Amino acid sequence: MICSKKFFSKLFFNGLLIFLIAGFSNLFSQSLVKNSKEKTIGSISLVFVPAGSFFMGRTVDGADYSPQRKVHITKAFWISKYEITQKEYYDVTGTNPCQGSKYGTGDNLPVYNVSWYEAVVFCNILSEKYGLESYYKISKDEDRDNISDYDDVKWTVTINEDANGFRLPTEAQWEYACSAGKRERFFWGGNSSWNGAGEYAWHLFNSGVKSYSKGRFWWVKYHTVKPVGKRRPNPFGIYDMAGNVAEWCFDRYEYNYYSSGDDIDPMGWQGQYKYRVVRGGDILNAPEELESFRRWQFAPFEKSGLNGIRLVLPAE
């Protein structure tokens with residue numbers, strides 16, 4: 001009888017300890033979100049991301065995000081809390097590239113069907129609208145570094161380092177903001193299950209209609225993008241960094257760039273290229289593909305059905 005009491009007393013104590021630790025962890029995670037510094041310009045909500053260091057990429061033989069290296073972000077910045085919506089894009093450009101798409105049309109859905117060239121133009125027009133200096137210098141003279149045989153646009157796009165206008169994140173800024181200090185595969189930890197990842201991301205298995213055969217799950221079809229901000233945010237308070245629509249970065253894409261990439265405020269590959277970098281994954285990616293370090297390549301002229309926009313502003 002005495003042993004039984006000790007056993008149940010110990011069991012109760014351990015259970016209480018686990019409960020308290022879990023509760024504290026949850027409160028700490030929530031405090032990161034609640035205490036995040038924010039501001040709004042027009043309809044664009046932005047979250048402050050402090051300067052800092054992180055481990056970029058992951059060392060995996062043959063991967064384009066390998067080897068992992070420590071990167072220092074020396075300048076704080078603002079990043080849009082949500083992906084740019086179709087209404088926000090329409091209000092600036094007068095067009096909605098998603099109109100008629102099977103992936104969905106709606107004011108609060110993220111914009112997609114946007115090329116990289118259209119994304120940088122959007123940044124400049126938005127900057128001008130709010131009295132900011134355009135960050136991009138866009139010339140229709142041919143970019144001789146662009147060696148694609150299929151890109152008929154090939155605009156030369158350079159930057160004005162002193163400008164305070166909107167811009168696309170660099171690949172390093174994007175991953176730093178996404179991982180938010182986490183060393184795991186995903187900003188929410190290591191859980192790649194459909195439901196676990198689904199708390200934070202719209203992905204292949206929760207963004208469409210489930211199909212069944214003989215009473216058993218068969219597949220998911222009729223995928224559509226979802227209203228921004230409906231999943232849980234990352235620890236910085238940023239929504240939809242994984243899934244929903246993928247997001248253009250400024251960087252040129254080079255498969256082996258990580259083996260020689262800069263460690264301080266990297267601006268990406270500076271040599272000849274055919275593609276630009278896309279990050280974050282979308283509704284057609286399985287949960288295990290939504291890792292914070294995962295990279296994709298897309299031609300800058302390409303209007304993939306599921307590439308969208310997230311913005312950055314300098315903090316100084």
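Everything here concerns the structure above.
Residues numbered from 1 in each chain as written. Predicted model: local features only at pLDDT ≥ 70, side-chain atom pairs only at ≥ 80, totals over all residues. Heavy atoms only, no water.

K.L.:
Any details on the overall build of the chain? Residues and values, ideally.
P.N.:
Secondary structure summary: the chain contains 5 helices and 14 strands in total. Across the 316 residues that make up the chain, the buried fraction comes to 50%. Total accessible area on the chain is roughly 15,900 Å²; 53% of this is exposed by carbon and sulfur atoms. (Helix = DSSP H or I, 4+ residues; strand = E, 2+ residues; numbered from the N terminus. Buried < 20%, exposed > 50% of the residue type's maximum accessible area, 1.4 Å probe, protein only. Areas by Shrake-Rupley, 256 points an atom, 1.4 Å probe, with all protein chains shown as cover.)

K.L.:
An account of the pattern of salt bridges is requested, with residue identities and associated values reported.
P.N.:
Evaluation of the coordinates by the stated rule reveals 14 salt bridges. Residue R252 pairs with D143 through a salt bridge whose shortest N-O separation is 4.0 Å. Pair noted here: R252 is in strand β10 (residues 246–252) and D143 is in the loop between β6 (136–142) and β7 (155–159), with a separation of 109 residues, a long-range link. Classification of R252 by relative accessible area gives buried; the value is 14%. (Salt bridge = Lys/Arg side-chain N within 4 Å of Asp/Glu carboxyl O.)

K.L.:
Give a description of helix α4 (residues 171–179) that names residues and reports values.
P.N.:
Most of α4 sits out of view: 9 of its 9 residues are buried. Within α4, burial applies to E171, A172, Q173, W174, E175, Y176, A177, C178 and S179.

K.L.:
Describe in detail the packing of aromatic side chains, supporting the description with residues and values.
P.N.:
As enumerated under the stated definition, the model contains 21 aromatic pairs in all. Geometrically, the ring pair formed by Y65 and F293 is tilted, given 4.8 Å between the ring centres and 55° between the ring planes. In this pair, Y65 is assigned in the loop between β3 (52–56) and β4 (69–73) and F293 in the loop between β11 (276–279) and β12 (295–298), connecting sequence segments 228 residues apart. Both residues of the pair, Y65 and F293, count as buried. Feature note: the residues W116, Y117, Y135, Y136, W155 and F250 constitute an aromatic cluster, connected by ring pairs. The ring of Y135 carries R167 above its face, with NZ or CZ at 3.7 Å from the centroid. (Phe/Tyr/Trp six-rings, centres within 6.5 Å; stacked < 30°, edge-to-face > 60°. Lys NZ or Arg CZ within 6 Å of the ring centre and 35° of its normal.)

K.L.:
Before we move on, could you go through the pairing of β11 and cite the residues and values that matter?
P.N.:
Residues R276 and V278 line one face of β11 and the alternating positions V277 and R279 line the opposite face, and both faces are buried. Direction of pairing for β11 relative to β12: antiparallel, over a ladder of 4 bridges. Bridge assignment links R279 to a residue of β12, and that residue is R295. (Pairing = 2+ DSSP bridges.)

K.L.:
I'd love a proper account of the side chain of Q86, names of residues and values included.
P.N.:
When you line up the elements, Q86 lands in helix α2 (residues 86–93). At 3.1 Å, the side chain of Q86 and the side chain of N96 are in polar contact. (Polar contact = N/O pair within 3.5 Å; in protein donor to acceptor, adjacent residues only side chain to side chain.)

K.L.:
For the sheet that holds strand β2 (residues 44–49), give the residues involved together with the corresponding values.
P.N.:
In space, the 4 strands of this open sheet follow the order β1-β2-β5-β14, with antiparallel pairing throughout. Both outer strands of the open sheet, β1 (38–41) and β14 (312–314), are each paired with one neighbouring strand and no more. Along the sheet, successive strands turn relative to each other by an average axial angle of 30°, direction set aside. (Axes fitted to C-alpha atoms, helices over the stretch in contact; angles between N-to-C directions.)

K.L.:
Give a description of the sheet that holds β12 that names residues and reports values.
P.N.:
The strand order β12-β11-β10-β13 describes an open sheet built from 4 strands, whose pairing is mixed. Looking at strand neighbours, the two that pair on one side only are β12 and β13 (307–308), the edges of this open sheet. The sheet contact formed by β10 and β13 spans 2 bridges and is parallel. Considered in β13, the bridge of E247 is made with G308.

K.L.:
Provide a residue-level description of the nonpolar core, including the pertinent values.
P.N.:
Counting residues in each nonpolar core, the largest one holds 42 residues, and the members touching the most others are F166, L168 and I309. Broken down by secondary-structure element, the contributors of at least two residues to this core are β2, α2, α3 (116–129), β7, β10 and β12. For this core, the leading source of residues is α3, giving 7 residues. Excluding residues that lie within four positions of it along the chain, L168 makes contacts with W116, A119, V120, C123, Y136, Q173, W248, C249, F250, I309 and R310. (Core = buried A, V, L, I, M, F, W, Y, C linked by side-chain atoms within 4.5 Å. Contact = heavy atoms within 4.5 Å.)

K.L.:
Describe a nonpolar patch on the surface, and please don't skip the residues or the numbers.
P.N.:
A cluster of nonpolar side chains, Y150, V153 and F301, forms an exposed patch at the surface whose accessible area comes to about 300 Å². Mapping Y150 onto the fold places it in the loop between β6 and β7. (Patch = residues over 30% accessible without salt bridge, like charges linked within 9 Å, V, L, I, M, F, W, Y side chains within 5 Å.)

K.L.:
Hey, could you go over the environment of P97 for me, with residue numbers and the actual values?
P.N.:
Mapped onto the elements of the fold, P97 is located in the loop between α2 and α3. The partly exposed category is assigned to P97, whose relative accessible area is 24%. On a C-alpha basis, the gap between P97 and V111 in space is 7.5 Å, while along the polypeptide they are 14 residues apart. Aside from chain neighbours lying at most four places away, what touches P97 is Y89, V111, Y112, N113 and V114.

K.L.:
Which residues make up α2, and what values go with them?
P.N.:
Buried within α2 we find Q86, E88, Y89 and V92. Along the axis of α2, the buried positions cluster into a sector of 165°, meaning they face one direction only. Along its buried surface, α2 packs onto β2 and α3. Positioned one or two residues after α2, G94 has a phi angle of 80°, which is positive. (Arc of directions from axis to C-beta.)

K.L.:
Give a detailed account of the packing of α2 against α3, specifying residues and quantitative values.
P.N.:
With their axes 10 Å apart at the nearest point, α2 and α3 run at an angle of 70° to one another. Classified by the interaxial angle, the pair formed by α2 and α3 is roughly perpendicular. Each of E88, Y89, D91, V92 and T93 in α2 lies in contact with α3, whose residues at this interface are E118, F122, I125, L126 and K129. Here the contact of α2 with α3 is composed, by residue class, of 5 nonpolar, 1 polar and 4 charged. (Parallel < 35°, antiparallel > 145°, perpendicular 65-115°, else oblique. Nonpolar A, V, L, I, M, F, W, Y, C, P; charged D, E, K, R; others polar.)

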